[in-house]
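Understanding the architecture of this molecule
Given next are the chains, with one letter for each unit.
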Amino acid sequence: MVPTQFLMPEVIAHWLAAALYLLAGIFFVHGLTGGKAASLTTGRWLALLGLLPHTVALGLQWHARGHGPYLRLDESLSALAWGGMGMFLLLNHKALQLKSFGAILAPCAFLLMLARLFATSEADSPPATFTGIWFIIHVISIVPAMGAFLIALSAALLYLLKKRWHGEFQSRVPSLEVLDACVYKYAGFAFLFWGIMIIAGSFWAEQSWGRYWGWDPIETWSFITWLFLGLLLHLQRFFNWQGERAAWAMLVCFAVSVLTLFFLPLVLGSIHADYLIL
């Protein structure tokens with residue numbers, strides 16, 4: 001017997017989106033590692049096709065649960081995958097030469113979707129404090145922040161691979177200069193939206209709990225993540241940290257952001273652990 005939860009329309013739509021993201025990732029990687037260059041274009045169309053059932057899944061989930069994709073871990077994972085793929089496809093609409101980023105982004109989106117599908121969460125209504133303009137800005141801003149993070153991560157990984165991998169891969173990935181510029185540009189976007197998340201969250205905390213800052217672990221580590229990004233941008237802008245050093249630093253920043261959002265609140269104990277909002 002198939003468990004009932006796997007037959008829900010929103011779950012079926014999530015599985016369909018995950019399958020299309022996986023297929024897109026296979027075509028992206030095939031296009032970079034010696035296959036036909038047209039595989040990159042096919043991967044892009046498959047990613048776009050996957051975004052459609054993904055959007056439907058989020059809508060169905062919102063309708064069924066009565067709140068946006070921010071309250072539980074499975075909701076947050078799906079929203080982050082949607083934001084990352086949405087920003088990637090928007091980027092490709094403007095700059096088709098960056099299709100190779102899909103070789104990193106599509107597998108990342110697939111893994112987020114897979115984690116979402118197997119994450120356990122209980123249906124619950126949001127607390128009364130989860131209202132107001134500052135709360136809305138707080139939960140919305142993390143989606144473009146992590147989308148920009150994933151694009152910067154893709155640029156950094158492709159930079160490191162291009163330095164070491166020769167052959168057709170070289171011609172299908174943007175130049176090292178373009179990849180380096182993308183790391184800086186999208187790290188800047190992530191820094192901006194992550195900062196907005198922190199500021200809006202502090203105003204929301206004052207309205208909800210009567211204080212702007214309480215040194216809760218996720219508050220502290222969110223601020224540390226933001227400082228890491230700021231340090232990376234400062235080193236790139238004023239101390240000529242380009243190339244491999246910037247790429248490796250970007251990987252560190254991304255790792256800290258993942259720890260901040262999904263692991264440290266559970267390990268260290270946090271008011272965010274009960275409601276894993278974005």
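Residues numbered from 1 in each chain as written. Predicted model: local features only at pLDDT ≥ 70, side-chain atom pairs only at ≥ 80, totals over all residues. Heavy atoms only, no water.

**Examining the environment of Arg211**
Heads up, the rule is: Numbering of helices and strands runs from the N terminus, with a helix taken as a DSSP run of H or I at least four residues long and a strand as a DSSP run of E at least two residues long. Contacts described as polar in this section are N or O atom pairs within 3.5 Å, which, within protein, must combine one atom able to donate a hydrogen with one able to accept it, while residues neighboring in sequence count only if both atoms come from side chains.
Along the chain, Arg211 turns up in the loop between helix H7 (176-209) and helix H8 (217-238). There is a polar contact of 2.6 Å between the side chain of Arg211 and the side chain of Glu219.

**Topic: the pattern of salt bridges**
Applied cut-off: Salt bridge, as applied in this entry: a Lys or Arg side-chain nitrogen positioned within 4 Å of an Asp or Glu carboxyl oxygen. The classification of residues rests on relative accessible area computed with a 1.4 Å probe and restricted to protein chains. Under 20% of the type maximum is buried, over 50% is exposed, and intermediate values are partly exposed.
Throughout the structure, instances matching the rule amount to seven salt bridges. With its nearest N and O atoms 3.6 Å apart, the salt bridge here joins Glu10 to Arg65. Within this pair, whereas Glu10 is found in helix H1 (residues 9-32), its partner Arg65 is found in helix H2 (residues 38-65), the two being separated by 55 residues in sequence. Among the residues examined, Glu10 registers a relative accessible area of 4% and is labelled buried. The class for Arg65 is partly exposed, based on a relative accessible area of 25%. Put simply, Glu10 and Arg116 hold a salt bridge, and the shortest N to O gap is 3.4 Å. Here the residue Glu10 occupies a position in helix H1, and Arg116 occupies one in helix H4 (residues 102-118), the gap between them amounting to 106 residues. As far as burial versus exposure is concerned, Glu10 and Arg116 are alike and both buried. Put simply, Glu10, Arg65, Asp74, Glu75 and Arg116 are held in one network by salt bridges that share partners.

**Quick notes on the packing of H1 against H2**
What counts, and what does not: Helix axes are fitted only over the stretch in contact, all axes being lines through C-alpha atoms; the angle between N-to-C directions runs from 0 to 180 degrees. An angle below 35 degrees is treated as roughly parallel, one above 145 as roughly antiparallel, one from 65 to 115 as roughly perpendicular, and anything else as oblique. The handedness criterion is simple: a crossing whose near helix is rotated anticlockwise from the far helix by less than a right angle is left-handed, and one whose near helix is rotated clockwise is right-handed. Throughout this entry, Asp, Glu, Lys and Arg are counted as charged residues, while Ala, Val, Leu, Ile, Met, Phe, Trp, Tyr, Cys and Pro are counted as nonpolar. The remaining residues, Gly among them, count as polar.
Remark: H1 packs on H2, axes separated minimally by 7 Å, with the N-to-C direction vectors making an angle of 160 degrees. In terms of orientation, H1 lies roughly antiparallel with respect to H2. The hand of the H1/H2 crossing is left-handed. The residue inventory of the contact of H1 with H2, partitioned by class, reads 21 nonpolar, nine polar and three charged.

**Re H7**
Our working rule: A helix is expected to span 1.5 Å for every residue after the first.
Here H7 is 34 residues long and its end C-alpha atoms lie 48 Å apart, about the 50 Å a rise of 1.5 Å per residue gives. Positive backbone phi, at 80 degrees, marks Gly210, one or two positions downstream of H7.

**Remarks on the environment of Val56**
Secondary-structure assignment places Val56 in helix H2. In this structure, the C-alpha to C-alpha distance between Val56 and Glu10, residues 46 residues apart in sequence, is 7.5 Å.

**Some remarks on the nonpolar core**
For clarity, the threshold we go by: Only buried Ala, Val, Leu, Ile, Met, Phe, Trp, Tyr and Cys residues count toward a nonpolar core, and they belong to the same one when joined by side-chain atoms within 4.5 Å.
Among the nonpolar cores identified, the biggest contains 69 residues, and Phe101, Phe149, Trp194 and Met250 are the most heavily contacted of them. Secondary-structure elements contributing two or more residues to this core are H1, H2, helix H3 (73-94), H4, helix H5 (133-164), H7, H8 and helix H9 (244-268). Residue contributions to this core peak at 15 residues, all from H5. Within the second largest apolar cluster, six residues are counted, among which are Leu71, Phe135, Val139 and Trp204.

**Describing the environment of Trp62**
In plain terms, the rule: We call two residues contacting when some pair of their heavy atoms lies within 4.5 Å.
Here Trp62 lies in helix H2. On a C-alpha basis, the gap between Trp62 and Glu75 in space is 9.3 Å, while along the polypeptide they are 13 residues apart. Ignoring any residue separated from it by four or fewer positions in sequence, one finds Trp62 in contact with His67, Gly68 and Pro69.

**Some words on a nonpolar patch on the surface**
Filter applied, for reference: Here, patches come from residues exposed beyond 30% relative accessible area and free of salt bridges, joined within 9 Å for like charges and within 5 Å for nonpolar side chains (Val, Leu, Ile, Met, Phe, Trp, Tyr). Computed with the Shrake-Rupley method and a 1.4 Å probe, the accessible areas treat only the protein chains shown as cover for residues.
On the surface, Leu22, Leu23 and Ile26 cluster together into a nonpolar patch covering about 240 Å² of accessible area. Relative to the elements of secondary structure, Leu22 occurs in helix H1.

**Some points on the confidence of the model for the chain**
Threshold: pLDDT expresses, on a scale from 0 to 100, how confident the predictor is about each individual residue.
Across the chain, the average pLDDT comes to 85, with 88% of residues at 70 or higher. Averaged pLDDT values for the elements of the chain fall to 78 in helix H6 (residues 168-172) and rise to 93 in H1. Throughout residues 274-278 the model reports pLDDT below 50, and contacts reaching past four residues in sequence, or to other chains, amount to 29 contacts.

**Regarding the packing of H5 against H7**
Where H5 contacts H7, the axes come no closer than 7 Å and their chain directions differ by 160 degrees. Accordingly, the angle class assigned to the pair H5 and H7 is roughly antiparallel. Of the two possible hands of crossing, H5 and H7 adopt the one that is left-handed. Residue composition of the contact of H5 with H7, by class: 30 nonpolar, four polar and three charged.

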